[in-house]
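What follows is the residue order along each chain.
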Amino acid sequence: MTEPNTQSVILEKTFPHPPEKVWRALTDPHLLAQWLLANDFAPTPHHKFQFRADPNPQWNGLIDCEVLLIDPPRQLSYTWSSLGLNSVVLFTLIPTESGTHLRMEHSGFRPDQQFAFKGASYGWRNFLNNLDRILTEVPQ
Amino acid sequence: MRSTSPNPLFRALADPTRRGLYEHLALHGEQTVHALTAFAGVSQPAVSKHLTILKRAKLVQHRRDGRETHYRAHPDALSPLADWLRHYSAFWQQRLNQLEFLLERMNP
């Protein structure tokens, strides 16, 4: 799913609850607010919404998002843009014998995405890709 | 997302020319403004302006040697950025734990 070298955070967790229930927690804005962040999410493709975290002096706490994929109760994806980082969050729900295996992947833009983004995003992503190399190769 | 916001860093690195200059310095070591101008392919005043912004973000350091100014990358400035990426790992870990508790409380 992920472009090679894209930096991403991947977390997996198994819940003793059916996928339909986990799906509700991921897509009902009131339930979503109880475990993630305050939001005006709607389970509609292309819906633009915001997550609202507590602001601080350097950050207004807003995360701009757009729904990319809604495939109940299997996959949910939205963009996640804040503080110059343009990224994508993807939830994958896999039914198990006793519940649901949830995979959360927070990654950079993928080239197959259709939405428009600023020209600078491309270079910025490459920069993040190069970050580890730069940090290790810089002459001290 | 918390106290160590990387905002000034992002602003400094949001420009592709500045990013290019920084990467060039990081990978090739100290360079004169002349060499950086040749590399960047823009005017020297423009390069100087970009270097000033990188300097303010503490991404580069400079020293004067006669009539030449030499710049080098200052890698420590990038650590808030790396911390910020690591922050998301902790953020999601904590949020998925909250999801677990919520699922316990929800109706079937």
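Residues numbered from 1 in each chain as written. Chains lettered and ligands numbered in written order. Predicted model: local features only at pLDDT ≥ 70, side-chain atom pairs only at ≥ 80, totals over all residues.

### Overview of the overall build of chain A
Now for step 1: Along its length, chain A carries 3 helices and 7 strands.
Now for step 2: Looking at chain A as a whole, 21% of its 140 residues qualify as buried.
Now for step 3: When contacts within chain A are restricted to residue pairs at least 6 apart in sequence, long-range pairs at least 24 apart make up 36% of them. (Helix = DSSP H or I, 4+ residues; strand = E, 2+ residues; numbered from the N terminus. Buried ≥ 20, exposed ≤ 12 C-beta atoms within 10 Å, placed from the backbone. Contact = placed C-beta atoms within 7 Å.)

### Quick word on the environment of Ser87 of chain A
Residues and elements named next belong to chain A.
Now for step 1: Following the sequence through the fold, Ser87 ends up in strand 6 (residues 85-96).
Now for step 2: For the pair Ser87 and His106, spaced 19 residues apart in sequence, the C-alpha separation works out to 6.9 Å.
Now for step 3: Excluding residues that lie within four positions of it along the chain, Ser87 makes contacts with Trp80, His106, Ser107 and Gly108.

### Here's the deal with the sheet that holds strand 2 (residues 60-65) of chain B
Now for step 1: A sheet is described by the order of its strands in space; here 3 strands give the open sequence 1-3-2 (chain B), paired in antiparallel fashion. Two strands bound the open sheet, and with one partner strand each, they are strand 1 (31-32) and strand 2 of chain B. (Pairing = 2+ DSSP bridges.)

### A closer look at the nonpolar core
All names here are of chain B.
Now for step 1: Core analysis: the largest hydrophobic core is formed by 16 residues, its most contacted members being Tyr22, Leu25, Leu54, Leu59 and Val60.
Now for step 2: For this core, the secondary-structure elements that each account for two or more residues are helix 1 (7-13), helix 2 (16-28), helix 4 (44-56) and strand 3 (68-73).
Now for step 3: Here this core gets 4 residues from one element, more than from any other, and that element is helix 2. (Core = buried A, V, L, I, M, F, W, Y, C linked by C-beta atoms within 7 Å.)

### Re the packing of helix 2 of chain B against helix 4 of chain B
Describing two packed helices takes the angle between their axes plus the distance from one axis to the other.
All names here are of chain B.
Now for step 1: Contact pair helix 2 / helix 4: the axes reach a minimum separation of 10 Å and the direction vectors enclose 70°. In terms of axis orientation, helix 2 runs roughly perpendicular to helix 4. Residues Thr17, Arg18, Leu21 and Tyr22 of helix 2 pack against His50, Leu51, Ile53 and Leu54 of helix 4.
Now for step 2: Partitioning the contact of helix 2 with helix 4 into residue classes produces 5 nonpolar, 2 polar and 1 charged. (Axes fitted to C-alpha atoms, helices over the stretch in contact; angles between N-to-C directions. Parallel < 35°, antiparallel > 145°, perpendicular 65-115°, else oblique. Nonpolar A, V, L, I, M, F, W, Y, C, P; charged D, E, K, R; others polar.)

### Quick look at the sheet that holds strand 2 (residues 38-39) of chain A
Residues and elements named next belong to chain A.
Now for step 1: Ordered in space as 1-7-6-5-4-3-2, the 7 strands form an open sheet in which the pairing is antiparallel. Because the sheet does not close on itself, it has two edges, and the strands there are strand 1 (8-15) and strand 2.
Now for step 2: In the sheet, strand 3 (residues 48-52) pairs with strand 4 (residues 62-71) via 5 bridges, with the strands oriented antiparallel. Residue Arg52 lies in a different strand from strand 4, and its bridge partner there is Leu62.
Now for step 3: Taken strand by strand, helix 1 (residues 19-27) contacts strand 1, strand 5 (75-82), strand 6 and strand 7 (99-108), and its axis lies near 160° from that of strand 6.

### Some details on the pairing of strand 7 of chain A
All names here are of chain A.
Now for step 1: Relative to strand 7, strand 1 runs antiparallel, the two sharing 8 bridges. Looking at strand 7, one finds that Leu11 is bridged to Met104.
Now for step 2: Inspection of the sheet shows strand 6 paired to strand 7 by 10 bridges, in the antiparallel sense. Looking at the pairing, Val89 lines up with His106 of strand 7.

### Some thoughts on the environment of Ala53 of chain A
Now for step 1: Its location among the elements puts Ala53 of chain A in the loop between strand 3 and strand 4.
Now for step 2: Sequence separation of Ala53 of chain A and Leu37 of chain A is 16 residues, and the distance between their C-alpha atoms is 6.2 Å.

### Here we look at unusual backbone geometry
Glycine aside, the phi torsion of most residues is negative, and most peptide linkages are trans.
Now for step 1: In this chain, Pro72 of chain A is followed by Pro73 of chain A through a cis amide linkage whose omega measures -10°.
Now for step 2: As for its placement among the helices and strands, Pro73 of chain A is situated in the loop between strand 4 and strand 5.
Now for step 3: Even without being a glycine, His46 of chain A presents a positive backbone phi close to 70°.
Now for step 4: Residue placement: His46 of chain A occurs in the loop between strand 2 and strand 3.
Now for step 5: Phi at Lys58 of chain B is positive, roughly 60°, even though this residue is not glycine.
Now for step 6: Summarising the element assignment, Lys58 of chain B is placed in the loop between helix 4 and strand 2.
Now for step 7: Take Lys58 of chain B: there are 14 C-beta atoms within 10 Å of it, and that puts it in the partly exposed class.

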